[in-house]
Amino acid sequence: MAPKEDEGKNIVEYLIAGGTAGMVSRTVIAPIERVKILFQISKAGTCSTTTQYWHYVPKIYKEEGLIGFWKGNGAAVIRVVPYMVRPSTSLSPPFSPKYSCRRLVATCTY
């Protein structure tokens, strides 16, 4: 059974939707991730608990401005987009029942 022409367009739509979802979700979370990473780095060589997690928010804003919260986000987006595209294509309408099971198994095995 040959796939319909519309099904090919649906796959492209799912690829674009998955990539866009990955970019948006990573960009929304970027400020929290940046603060978390700075907190973890500051605690790497010490056992003290004097510095609090939210101490870094005004520090980043003062030293780097608002854009500082998204520093390094480009690399994170490039890394996350392929992982978000793959699951979204497995949810696309299958060309045939035989391939839908393969897609489901391929998505579950990262």
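Preceding this section is the structure that the text describes.
These figures come from a predicted structure and were not determined experimentally. (Residues numbered from 1 in each chain as written. Predicted model: local features only at pLDDT ≥ 70, side-chain atom pairs only at ≥ 80, totals over all residues. Heavy atoms only, no water.)

A. How the structure looks around the pattern of salt bridges. The tally for this structure, following the rule as stated, stands at three salt bridges. The closest approach of N and O atoms between glutamate 64 and arginine 34, which form a salt bridge, is 3.1 Å. Of this pair, glutamate 64 sits in helix 2 (residues 56–64) while arginine 34 sits in helix 1 (residues 5–43), placing them 30 residues apart in sequence. Residue classification places glutamate 64 among the partly exposed positions, given a relative accessible area of 28%. Classification of arginine 34 by relative accessible area gives buried; the value is 13%. One salt bridge in this structure joins glutamate 64 and lysine 71, with 4.0 Å as the shortest N-O distance. Owing to a relative accessible area of 55%, lysine 71 belongs among the exposed residues under this scheme. Ionic contacts of the salt-bridge type, sharing partners, join the residues Arg34, Glu64 and Lys71 into one network. (Salt bridge = Lys/Arg side-chain N within 4 Å of Asp/Glu carboxyl O. Helix = DSSP H or I, 4+ residues; strand = E, 2+ residues; numbered from the N terminus. Buried < 20%, exposed > 50% of the residue type's maximum accessible area, 1.4 Å probe, protein only.)

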